[in-house]
Amino acid sequence: EAGVVQSPRYKIIEKKQPVAFWCNPISGHNTLYWYLQNLGQGPELLIRYENEEAVDDSQLPKDRFSAERLKGVDSTLKIQPAELGDSAVYLCASSPGGWTDTQYFGPGTRLTVL
Amino acid sequence: AQTVTQSQPEMSVQEAETVTLSCTYDTSESNYYLFWYKQPPSRQMILVIRQEAYKQQNATENRFSVNFQKAAKSFSLKISDSQLGDTAMYFCACNTGANSKLTFGKGITLSVRP
């Protein structure tokens, strides 16, 4: 069974530029998560989707961050414009359904903003 | 909201020996799940073990076992017969039904010496 796929693995951009990250969850997983992981820290939830619906986006900085999950499968996380402080690893995770299910993580995208 | 504390930033262990990683948590929920995740230098977060709070029996997975002390809100991970491939960052995490949010500790860096 294929795991969570993310691309790109690495991205370097200038500040004020836009950037997008893509995630393909494990087949059949209805719940998808985007996490932010700063260096030496644990991941922090940005947004949670159940199928197409964003059910928890309370931690997403909506002035510059946006996300979508079309058709309840793949998801894209966008930052526009990027700031120096956005340099971090962006992790995508998926789970079959409810909160009791284990979350499975992708390899992440390391973003560097210069 | 729940909190997870990992107070040891790093540990080192000799290959083939046993090591215990500490974790404490705090939640007002009666039903919750606890996890240990491993993140090797390649960044892929991998589930090591999970524990349902309503189960008194400590979870085990091969060389990995937990010591779950519900009253003390303690959830430590024991790694037996440590192997070089166990070198990684280990995160303790808690998920409750209150907000379906997986909260991570800051992690501990484990180094296994040959």
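The rules behind the values
- Residues numbered from 1 in each chain as written.
- Chains lettered and ligands numbered in written order.
- Predicted model: local features only at pLDDT ≥ 70, side-chain atom pairs only at ≥ 80, totals over all residues.
- Heavy atoms only, no water.
- Contact = heavy atoms within 4.5 Å.
- Buried area = accessible area lost by both parts, 1.4 Å probe.
- Salt bridge = Lys/Arg side-chain N within 4 Å of Asp/Glu carboxyl O.
- Polar contact = N/O pair within 3.5 Å; in protein donor to acceptor, adjacent residues only side chain to side chain.
- Phe/Tyr/Trp six-rings, centres within 6.5 Å; stacked < 30°, edge-to-face > 60°.
- Helix = DSSP H or I, 4+ residues; strand = E, 2+ residues; numbered from the N terminus.
- Buried < 20%, exposed > 50% of the residue type's maximum accessible area, 1.4 Å probe, protein only.
- Disulfide = S-S within 2.5 Å.
- Pairing = 2+ DSSP bridges.
- Axes fitted to C-alpha atoms, helices over the stretch in contact; angles between N-to-C directions.

Taken together, the contact between chain B and chain A spans 24 residues of the former and 24 residues of the latter. Both sides together, the interface formed by chain B and chain A hides about 2,000 Å², and carbon and sulfur atoms give 50% of it. Seen at the junction of chain B and chain A, the total is 0 salt bridges. Inspection of the region where chain B meets chain A yields 6 residue pairs in polar contact (both at pLDDT 80 or more).

Time to look at the packing of aromatic side chains. Centre distance and the angle of the planes are the two values used to describe a pair of aromatic rings. According to the stated counting rule, one finds 15 aromatic pairs over all chains in the structure shown. The interplanar angle of 35° and the centroid separation of 6.5 Å between the aromatic rings of Phe65(A) and Tyr90(A) together place this pair among those described as tilted. In this pair, Phe65(A) is assigned in strand β7 (residues 65-68) and Tyr90(A) in strand β9 (residues 88-95), connecting sequence segments 25 residues apart. For the pair formed by Phe65(A) and Tyr90(A), the shared burial category is buried. An aromatic cluster of three or more residues is present, and its members are Tyr33(A), Tyr35(A), Phe105(A), Phe35(B), Tyr37(B), Phe91(B) and Phe104(B).

This part covers the state of the cysteines. All chains considered together, the criterion is met by 2 disulfides over all chains. Each sulfur in the disulfide pair Cys23(A) and Cys92(A) lies 1.9 Å from the other. With the S-S bond torsion at -70°, the cross-link from Cys23(A) to Cys92(A) turns out left-handed. A residue pair is termed long-range when its members are at least 10 positions apart, and Cys23(A) in strand β3 (residues 19-24) and Cys92(A) in strand β9 qualify at 69 residues. For Cys92(A), a relative accessible area of 0% gives the class buried. Two residues, Cys23(B) and Cys92(B), share a disulfide whose sulfurs are 2.0 Å apart. Between Cys23(B) and Cys92(B), the disulfide has an S-S torsion of -70° and is therefore left-handed. Of this pair, Cys23(B) sits in the loop between β3 (19-21) and β4 (24-26) while Cys92(B) sits in strand β10 (residues 88-96); the two residues are 69 residues apart in sequence, bridging distant segments of the chain. For the pair formed by Cys23(B) and Cys92(B), the shared burial category is buried.

Here we come to the pattern of salt bridges. What the rule picks out here adds up to 8 salt bridges over all chains. For Arg48(A), the salt bridge goes to Glu50(A), with nearest N and O atoms at 2.6 Å. The class of Arg48(A) is buried, set by a relative accessible area of 8%. The closest approach of N and O atoms between Asp26(B) and Lys73(B), which form a salt bridge, is 2.9 Å. Residue Asp26(B) is found in strand β4, and its partner Lys73(B) is found in the loop between β8 (64-69) and β9 (74-79); the two are separated by 47 residues along the sequence. Judged by its relative accessible area of 26%, Lys73(B) falls in the partly exposed class. The network of salt bridges with common partners includes Arg64(A), Glu83(A) and Asp86(A).

What follows is about the sheet that holds strand β8 (residues 75-79) of chain A. Residue and element names in this part refer to chain A. Spatially, β1-β3-β8-β7 is the arrangement adopted by the 4 strands of the open sheet, whose pairing is antiparallel. Each edge of the open sheet is held by one strand with a lone partner, namely β1 (5-7) and β7. Each strand of the sheet is rotated relative to its neighbour by a mean of 15°, with strand direction disregarded. Sheet topology places β7 next to β8; 4 bridges connect them, and they run antiparallel. Looking across to β8, one finds that Ser66 is bridged to Lys78.

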